[in-house]
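# Commentary on secondary and tertiary structure
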Amino acid sequence: MTAPVGTRARTGEACPESGVWKVEGTPSTTAPIAKGNRMPPYAGQAVVWVLIQYA
C-alpha cells in the first residue's frame, strides 16, 4: 500500500514511502528519502517531514 502525498513523518521514524520529502515550516528543505530509512533531522533539529512527491 502506498502512503498518500501529504503523509507526515517525524525525525527518527522509519520513512513510510520512498519519495521527495519537505520539512514542514521555515527554514525548509527537500530531500529524497527511501522507504525504511530513518527520517533525518534538519539544521540539528528534530522536524516533521511531509511527502510531496513519489520517487
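Here, the structure is the one placed above.
Heads up: these notes are all about the structure in this document. (Residues numbered from 1 in each chain as written. Predicted model: local features only at pLDDT ≥ 70, side-chain atom pairs only at ≥ 80, totals over all residues. Heavy atoms only, no water.)

## Regarding the overall build of the chain
Here is the rule we go by: Secondary structure elements are defined from DSSP: runs of H or I of at least 4 residues count as helices, runs of E of at least 2 residues count as strands, and each element is numbered from the N terminus. Our radius of gyration looks at C-alpha atoms and nothing else; its globule reference is 2.2 Å times the residue count to the power 0.38. Any residue under 20% of the maximum accessible area for its type is buried, any over 50% is exposed, and the rest in between are partly exposed; the area is computed with a 1.4 Å probe on protein chains only. By the convention used here, residues are in contact when the closest approach between their heavy atoms is within 4.5 Å. Only the protein chains shown count as cover for residues, with accessible areas throughout obtained via the Shrake-Rupley method and a probe of 1.4 Å.
The secondary structure content of the chain amounts to zero helices and four strands. When the helices and strands of the chain are listed from N to C terminus, the series reads β-β-β-β. For 55 residues, the compact-globule formula gives about 10 Å, and the C-alpha radius of gyration of the chain, at 10 Å, lands near that figure. Seen through its C-alpha atoms, the chain measures out along the principal axes to roughly 30 × 15 × 15 Å. Here the chain holds 55 residues, and 29% of them are scored as buried. Nonlocal contacts in the chain, meaning residues at least 24 apart in sequence, comprise 53% of its contacts between residues at least 6 apart. Carbon and sulfur atoms make up 55% of the accessible area of the chain, which totals about 3400 Å².

## With respect to unusual backbone geometry
With an omega of -5°, the peptide bond running from T26 to P27 counts as cis. Looking at where P27 falls in the secondary structure, it is placed in the loop between β2 (19–23) and β3 (30–33). The phi angle at A43 is positive, at roughly 55°, despite the residue not being glycine. In this fold, A43 is placed in the loop between β3 and β4 (48–54).

## As for the environment of R10
Residue position: R10 is located in strand β1 (residues 8–10). Ignoring any residue separated from it by four or fewer positions in sequence, one finds R10 in contact with M39, V47 and V48.

## With respect to the sheet that holds β1
Put simply, the rule reads: The rule for pairing is simple: two strands pair if DSSP sees at least two bridges between them. Between N-to-C directions, angles cover 0 to 180 degrees, with each direction set by a line fitted to C-alpha atoms, over the stretch in contact for helices.
The strand order across the open sheet formed by four strands is β1-β4-β2-β3, and the pairing between neighbours is antiparallel. Sheet topology places β1 and β3 at the edges, where each strand pairs with a single neighbour. Neighbour to neighbour, the strand axes of the sheet diverge by 40° on average, direction disregarded. Of the pairings in the sheet, the one linking β1 to β4 comprises three bridges and is antiparallel in character. Within the sheet, the bridge partner assigned to R8 lies in β4 and is V50.

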